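# Working through the structure, step by step
One-letter residues, chain by chain:
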Amino acid sequence: MSSHIMPTYARLAVTFERGEGAWLWDENQQRYLDALSGIAVCNLGHAHPAVHEAICQQSAKLLHTSNLYQIASQEKLADKLIQMSGMTNVFFSNSGAEANEAAIKLARKFGHSKGIEIPKIIVMDKSFHGRTLATLSATGNAKIQQGFEPLVEGFIRVPYNDIAAIKTVLAENSSVVAILVEPIQGEGGVNIPASDYLNQIRALCDEYDVLMMLDEIQTGIGRTGKFLAFQHNEIIPDVCTLAKALGNGVPIGACLAHGKAADLFVAGNHGSTFGGNPLACSAAFAVLNTLKNSDLIAQATEKGNTICDAFQEKLNSNAHVLNIRHLGLMIGIELDTPCTELVGKALSAGLLINVTQDKVIRLLPPLVIDTNQITQLVDTLSTLIQEHTNP
Ligand SMILES: *Cc1c(COP(=O)(O)O)cnc(C)c1O
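Residues numbered from 1 in each chain as written. Predicted model: local features only at pLDDT ≥ 70, side-chain atom pairs only at ≥ 80, totals over all residues. Heavy atoms only, no water.

## With respect to helix 10 (residues 296-315)
To be explicit about the condition: Numbering goes from the N terminus for both helices and strands, where a helix is a DSSP run of H or I of at least four residues and a strand is a run of E of at least two. The span you would expect from a helix comes to 1.5 Å times its residue count less one. Buried, partly exposed and exposed residues are distinguished by accessible area as a fraction of the type maximum, computed with a 1.4 Å probe on protein chains only: under 20%, between the cut-offs, and over 50%, respectively. Note that the arc is computed from the directions linking the helix axis to the C-beta atoms.
The end-to-end C-alpha distance of helix 10, which contains 20 residues, comes to 27 Å, matching closely the 28 Å that a straight helix rising 1.5 Å per residue would cover. Among the residues of helix 10, L296, I297, Q299, A300, K303, G304, I307, C308, F311 and L315 are the ones counted as buried. When helix 10 is viewed along its axis, its buried side chains cluster within an angular range of 150° and face the same direction. The exposed set on the far side of helix 10, more than 90 degrees from its buried face, consists of E302, D309 and E313.

Encoded structure:
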């Protein structure tokens, strides 16, 4: 097919027309089970009535004014986010990369406020933080950086889930101002760190007076069985970035700050034309309200356990399946062999999945996935994995 769109994505040959919950239908009325949610975006499922209604009501009144004026729906969303996260205040952006840009700017401002002229941020191997120049520089993946040098300076990279490596850098480098880390690495292979990893980072950040900055763009908004993944650890970071599921498909990102990080930006320091506009904020408020007034976040824990127990049972005699790991509905099935072709095979079988790092099947089903859909997911994918590994 000839296309006038830059070929930045290797797209699958399917066009979806409509959705409902975890179902999607293509142009030919073929039905698919969505176990990816647009990469952790549609956590409430497709065509969620509360989000639909919020968008319709807001668009009938006002889509956009400007951050030059007060925006009631932005204030209302901020109040809700602060209440649910325990953070102090928020800057709204349109995407995850932009939320991380705000975080990186906060870290640099924090450093300069302490008299550090060339502030450094510790980032992780295999991390993913976005595609803008600063965020791709923070990202721990050479493929994403290649061809776009010179990279933005000021990042020091250490292995993920390695507290000793962070300690070494902090001890040797007085210009470190922040640590930027994902609670679970998504693009990096659904890498789940030690359960006290974030607690240890929190303690080190306090000891060295550096900002703890969590990229919760993929892990946030109920995905892991808590509203935000750091709530499993009962800590509060200094900065936390959100996007993806915050608007359930309406583009919106957020950079939340706490305590000393909350007072760094003053008028003129940062901005965005669209960021936090009435439409996006109304949609996001509907998302948070729906999560708050339902047990969907608790269901993420239960459903994640059900799905992984079932996979474990079906696949436990398969020596090519190295590991089935998850927190809530963020699920990784690691094989000992490349399995990217499973994405196309699953599509042909009416199932949407993702493979990251060549060998890790990544599942991010919507929180609303039901029992029958769970059975279909486990049965279809287990069969495909068995065929792939025992041809
Ligand atoms: C998706 C993602 C981003 C980038 O978000 P965009 O909205 O695509 O800019 C950043 N960090 C993490 C952890 C992500 O999963």
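## Focus on the sheet that holds strand 9 (residues 239-242)
Let me state the cut-off plainly: Paired strands, as defined in this entry, are two strands with at least two bridges between them according to DSSP. For helices, the fitted line uses only the C-alpha atoms of the stretch in contact; every axis is such a line through C-alpha atoms, and the angle between N-to-C directions lies from 0 to 180 degrees. For this analysis, residues touch if any pair of their heavy atoms sits within 4.5 Å.
Pairing in this open sheet of seven strands is mixed, and the strands run 4-10-9-8-7-5-6 from one edge to the other. Across the chains shown, the open sheet's two edge strands, defined by having one partner strand only, are strand 4 (89-93) and strand 6 (155-158). Each neighbouring strand pair of the sheet contributes to a mean axis angle of 20°, computed without reference to strand direction. Where strand 4 meets strand 10 (residues 253-257), five bridges bridge the pair, whose relative direction is antiparallel. Residue pairing across strands places F91 opposite C255, the latter belonging to strand 10. Packing of helix 4 (residues 96-113) onto the sheet brings it into contact with strand 4, strand 5 (120-124), strand 6, strand 7 (176-181), strand 8 (211-215), strand 9 and strand 10, and relative to strand 8 it is tilted by some 175°.

## Here's the deal with the sheet that holds strand 15 (residues 360-363)
Strand order across the open sheet formed by four strands is 11-12-15-14, with antiparallel pairing between neighbours. The sheet terminates laterally at strand 11 (321-327) and strand 14 (354-356), the two strands that pair on one side only. On average, each strand axis in the sheet is inclined to that of its neighbour by 25°, with strand direction left out of account. Set on the sheet, helix 10 makes contact with strand 11, strand 12 (330-335) and strand 15; between it and strand 11 the angle comes to about 170°.

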